[in-house]
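# Overview (structure and organization)
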Amino acid sequence: GLRTNDLLGAFNVTYRNLRVESDDNGINCAFLDIGNRAYTWGTVQEQIGQMSGWLFDGVTLTHVPAETSRIRSFDGINTPSSIAFKNLTIGGVPVSARNHDQFFDIDEECYNITFDGRSV
């Protein structure tokens, strides 16, 4: 969104019972990459916006992706928040608040990010 409207964004998105399969070569990208970033052709105004109320429930990836998933922010207002992961399994490993950092890189300004109800 433009700097004149900080409340633009993507809200209340649900992914339920999703299975990502791959062959033995694995998944050659990140599972998730959300957040604010500059477009190479734009200005700082294009980095404004929010993502909130996202739910990933019952998501399974058969292999560990080649890239770490990223959740990134622009600042304390324009940042992903209230993103919940329930029953997420990556490469046969249940992902929790304790081991999420093996699979995710989450900016410090992102908030209310939970794995099975536990905040990270």
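Residues numbered from 1 in each chain as written. Predicted model: local features only at pLDDT ≥ 70, side-chain atom pairs only at ≥ 80, totals over all residues. Heavy atoms only, no water.

### Observations regarding the packing of aromatic side chains
A ring pair, where both rings are aromatic, is described by two values, the distance of the centres and the angle of the planes. Under the defined criterion, the tally for this structure stands at 8 aromatic pairs. With a centroid separation of 5.1 Å and an interplanar angle of 55°, the aromatic rings of Phe85 and Phe104 are classed as tilted. Residue Phe85 is found in strand S8 (residues 80–86), and its partner Phe104 is found in strand S11 (residues 104–106); the two are separated by 19 residues along the sequence. Overall, the relative accessible area of 1% leaves Phe85 in the buried class. Taking 4.7 Å as the distance between ring centres and 10° as the angle between the ring planes, the aromatic pair formed by Phe85 and Phe115 counts as stacked. With a gap of 30 residues between them, Phe85 in strand S8 and Phe115 in strand S12 (residues 111–115) connect regions that are remote in the sequence. (Phe/Tyr/Trp six-rings, centres within 6.5 Å; stacked < 30°, edge-to-face > 60°. Helix = DSSP H or I, 4+ residues; strand = E, 2+ residues; numbered from the N terminus. Buried < 20%, exposed > 50% of the residue type's maximum accessible area, 1.4 Å probe, protein only.)

### Observations concerning the sheet that holds strand S10 (residues 93–94)
Within a beta sheet, neighbouring strands are joined by backbone hydrogen bonds and run either parallel or antiparallel to one another. Overall, mixed pairing links the 4 strands, which are arranged S3-S6-S9-S10 in an open sheet. Where the open sheet ends on each side, the last strands, each with one partner, are strand S3 (19–20) and S10. As paired elements, strand S6 (residues 60–61) and strand S9 (residues 89–90) share 2 bridges and run parallel to each other. Within S9, the residue paired with Leu61 across the bridge is Ile90. (Pairing = 2+ DSSP bridges.)

### Thoughts on the sheet that holds strand S4 (residues 33–35)
The strand order across the open sheet built from 3 strands is S4-S7-S11, with neighbouring strands paired in parallel fashion. Taken across any chain shown, the strands that pair with only one partner, and hence form the sheet edges, are S4 and S11. Each neighbouring strand pair of the sheet contributes to a mean axis angle of 5°, computed without reference to strand direction. Note that strand S7 (residues 69–72) and S11 share 3 bridges and pair parallel. By the bridge assignment, Ser69 is partnered in S11 with Phe104. (Axes fitted to C-alpha atoms, helices over the stretch in contact; angles between N-to-C directions.)

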